[in-house]
Amino acid sequence: MVAELVQQPHPITSCAERAIAVLEDSAAYEPVFMSTGDKRAALLAIAQLERRVAGLKLRVLPAAADVADEDGARDVAAWIAARTQAEPAPLRAQQRLATALDERWLQVAAAITEGRCSMEQAQVIVRGLEDLPDRIGAEVLHAAEAHLVDLAADHNPQELRILARRILEVAAPEIAEDEEARRLEEEERRAREDARLSLKPLGDGTTRITGVLPDESAQRLLAYLHAYTNPRKHASAVGGEEDRIPYRRRLAHAFCALLEHLDPTQLPTHGGDTTTLLVTIPLACLVKDLGTGTILGGQPLSATAIRRLACTADIIPAVLGGNGEVLDLGRRRRLFTTAQRRAMALLHPTCIEEHCAVPARECEAHHLKPWSQGGHTDLKDARPACNHHHHLIHDPTYTHHTLPNGTIRFHRKR
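Keep in mind that this is a model prediction, so the values were computed, not measured.

This paragraph deals with the overall build of the protein. Regarding its fold elements, the protein presents 17 helices and 10 strands. Burial statistics for the protein: of 414 residues in total, 27% are counted as buried. Taking the intrachain contacts of the protein between residues at least 6 apart in sequence as the baseline, contacts between residues at least 24 apart amount to 50%. Accessible surface, the protein as shown: approximately 27800 Å² in total, 56% of it carbon and sulfur.

Attention shifts here to the pattern of salt bridges. Inspection of every chain in the model, using the stated rule, returns eight salt bridges. Asp69 serves as the salt-bridge partner of Arg412, at 3.3 Å between the closest nitrogen and oxygen. With a gap of 343 residues between them, Arg412 in strand 10 (residues 408-412) and Asp69 in helix 3 (residues 65-71) connect regions that are remote in the sequence. Residue classification places Arg412 among the partly exposed positions, given a relative accessible area of 31%. What makes Asp69 partly exposed here is its relative accessible area of 36%. The closest approach of N and O atoms between Arg166 and Glu169, which form a salt bridge, is 2.3 Å. Classification of Arg166 as partly exposed rests on a relative accessible area of 42%.

Now for the nonpolar core. Ranked by size, the top nonpolar core spans 42 residues in total, and within it Leu58, Leu101, Trp105, Val108, Ile125, Leu129 and Leu132 carry the most contacts. Not counting residues up to four positions away in its chain, the partners in contact with Leu129 are Trp105, Val108, Leu141, Ala144, Glu145 and Leu148. In this structure, Ile352, Ala385, Ile393 and Ile408 belong to the second largest nonpolar core, which totals 12 residues.

Turning next to the pairing of strand 9 (residues 398-402). The side chains of a regular strand alternate, residue by residue, between the two faces of the sheet. Relative to strand 10, strand 9 is paired through five bridges, and the arrangement is antiparallel. Bridged to Thr399 within strand 10 is His411.

Here the focus is the pairing of strand 1 (residues 196-201). Among the six residues of strand 1, zero are classified as buried, and the element is accordingly described as predominantly exposed. Summarising the sheet, strand 1 and strand 2 (residues 207-212) pair through six bridges and their orientation is antiparallel. Looking across to strand 2, one finds that Lys200 is bridged to Arg208. The turn joining strand 1 and strand 2, which pair antiparallel and follow one another in sequence, is formed by five residues; a positive phi near 80° is taken by Gly203.

Phi angles above zero are rare outside glycine, and Gln85 is one such case at about 55°. Within the secondary structure, Gln85 sits in the loop between helix 4 (76-84) and helix 5 (88-103).

Tracing the backbone shows Asp381 in the loop between strand 7 (364-367) and strand 8 (382-385). One buried charge, Asp381, has no salt-bridge partner; the nearest side chain with opposite charge is Lys380, at 5.6 Å. Beyond its immediate sequence surroundings of up to four residues, Asp381 is in contact with His366, His367, Leu368 and His376.

The next subject is the confidence of the model for the protein. Parts of the model with low pLDDT should not have their predicted coordinates read in detail. Chain-level statistics for the protein give a pLDDT mean of 77 and a share of 72% at 70 or above. When pLDDT is averaged over each helix and strand of the protein, the minimum, 46, is found for strand 6 (residues 314-317) and the maximum, 94, for helix 6 (residues 106-113). In this model, residues 231-242 is a region of pLDDT below 50 whose contacts with residues beyond four sequence positions or in other chains number 10 contacts.

Residue placement: Ile12 occurs in helix 1 (residues 11-26). Using a relative accessible area of 30% as the deciding quantity, one classes Ile12 as partly exposed. In this structure the C-alpha to C-alpha distance between Ile12 and Leu56, which are 44 residues apart in sequence, comes to 8.6 Å.

With 14 residues, helix 8 (residues 138-151) extends 20 Å from end C-alpha to end C-alpha; this agrees with the ideal 20 Å at 1.5 Å per step. Those residues of helix 8 not exposed but buried are Val140, Leu141, Ala144, Glu145, Leu148, Val149 and Leu151.

Taken together, Leu23, Leu49 and Val53 make up a surface patch of nonpolar side chains, about 260 Å² in accessible area. Inspection of the secondary structure puts Val53 in helix 2 (residues 36-60). Taking relative accessible area as the criterion, Val53 reaches 49% and is therefore assigned partly exposed.

Moving on to the environment of Leu160. Tracing the backbone through its elements, the reader meets Leu160 in helix 9 (residues 157-165). Linking Leu160 and Ile125, residues 35 residues apart in sequence, is a C-alpha distance of 7.1 Å. Sequence-distant contacts of Leu160, that is, excluding residues within four places in its chain, are made with Gln121, Val124, Ile125, Leu148, Leu151, Ala152 and His155.

About the thresholds
- Residues numbered from 1 in each chain as written.
- Predicted model: local features only at pLDDT ≥ 70, side-chain atom pairs only at ≥ 80, totals over all residues.
- Heavy atoms only, no water.
- Helix = DSSP H or I, 4+ residues; strand = E, 2+ residues; numbered from the N terminus.
- Buried < 20%, exposed > 50% of the residue type's maximum accessible area, 1.4 Å probe, protein only.
- Contact = heavy atoms within 4.5 Å.
- Areas by Shrake-Rupley, 256 points an atom, 1.4 Å probe, with all protein chains shown as cover.
- Salt bridge = Lys/Arg side-chain N within 4 Å of Asp/Glu carboxyl O.
- Core = buried A, V, L, I, M, F, W, Y, C linked by side-chain atoms within 4.5 Å.
- Pairing = 2+ DSSP bridges.
- Lys, Arg positive; Asp, Glu negative; His and termini not counted.
- pLDDT = per-residue confidence, 0-100.
- Expected span 1.5 Å × (residues − 1).
- Patch = residues over 30% accessible without salt bridge, like charges linked within 9 Å, V, L, I, M, F, W, Y side chains within 5 Å.

Next comes the structure, spelled out in structure tokens:
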């Protein structure tokens, strides 16, 4: 009798699987019947468990680049996000932290592995340490890292962030004042480089705007908004009604007013086009009171909202042929026109790769049948592909096949 060789899972995998099995057993117990002391102990134990799991994850992440490479993913964070339905941004932040711990900040890595530091605390400590200039020397950096790790036992991430800014006063008081002056100058320069703004549609008719601006720009914006929040009243408003509108809501209304009063003729061009409102809506709906339409890359809007926006923007209608074919130029052109790219974005909102969510407006136009092989520059042969996956399509070390839903899946050649 020949014994079959069964490949055993790696000890880390086995450990994780055993932990999952134990947690499944815990579902049989009802927390409502726990005593106050048991609940207190359980919450603290669960928090410690979360720290240990986070530490294990940060150990595995920097060693898993081959996983993303094998499946043609942008990086490990994108690979995990696509397979766990998670947001990629937090995963990418964890990936950056894991790399930093693996390559440089070993004391922080040991603390999070041993459960003495949470992932949030580790992110704050590493950011504080990396903000310190290398010219202060390895010995001072080592002392600063050790002190911040010790402080993590008694301070939350917000408190650690403040302490990290003053860490040189403890680790190297003789140079702290000069370095603080240099830090302020560098901080002002970096404020512009770190500025960011994001808009996230919430699906209920509103969009959440979050961002980071240099202080001077933020103060200027606030001054402009205050110009729109003066106690002016509409003719139909009840006396004193607008005075009771919360300040934050008045700022939001002022921001909307500021945007709607910008002169579009003074705005720069983007993508080779002037600022334009690309709308798909029947003309009859646009001119009457009822109806809905869609702005390219945005959420559905009422005809009323579209008419209001149209007061300060050009409108380009999206017109489809009888079979849904738009702007078929055959082989008369090598590159897709701007109009074709607009139409492609209407038909295919995101990148062609099965898990990629990069919007079509940020993608490149890909010929399904290459031009060099007799392909046509027609809309039916055009698909959006982000820069990463467009390169992969033409990478000879990868193959890909089309899935039933029209997206494609990559495989690295063996």
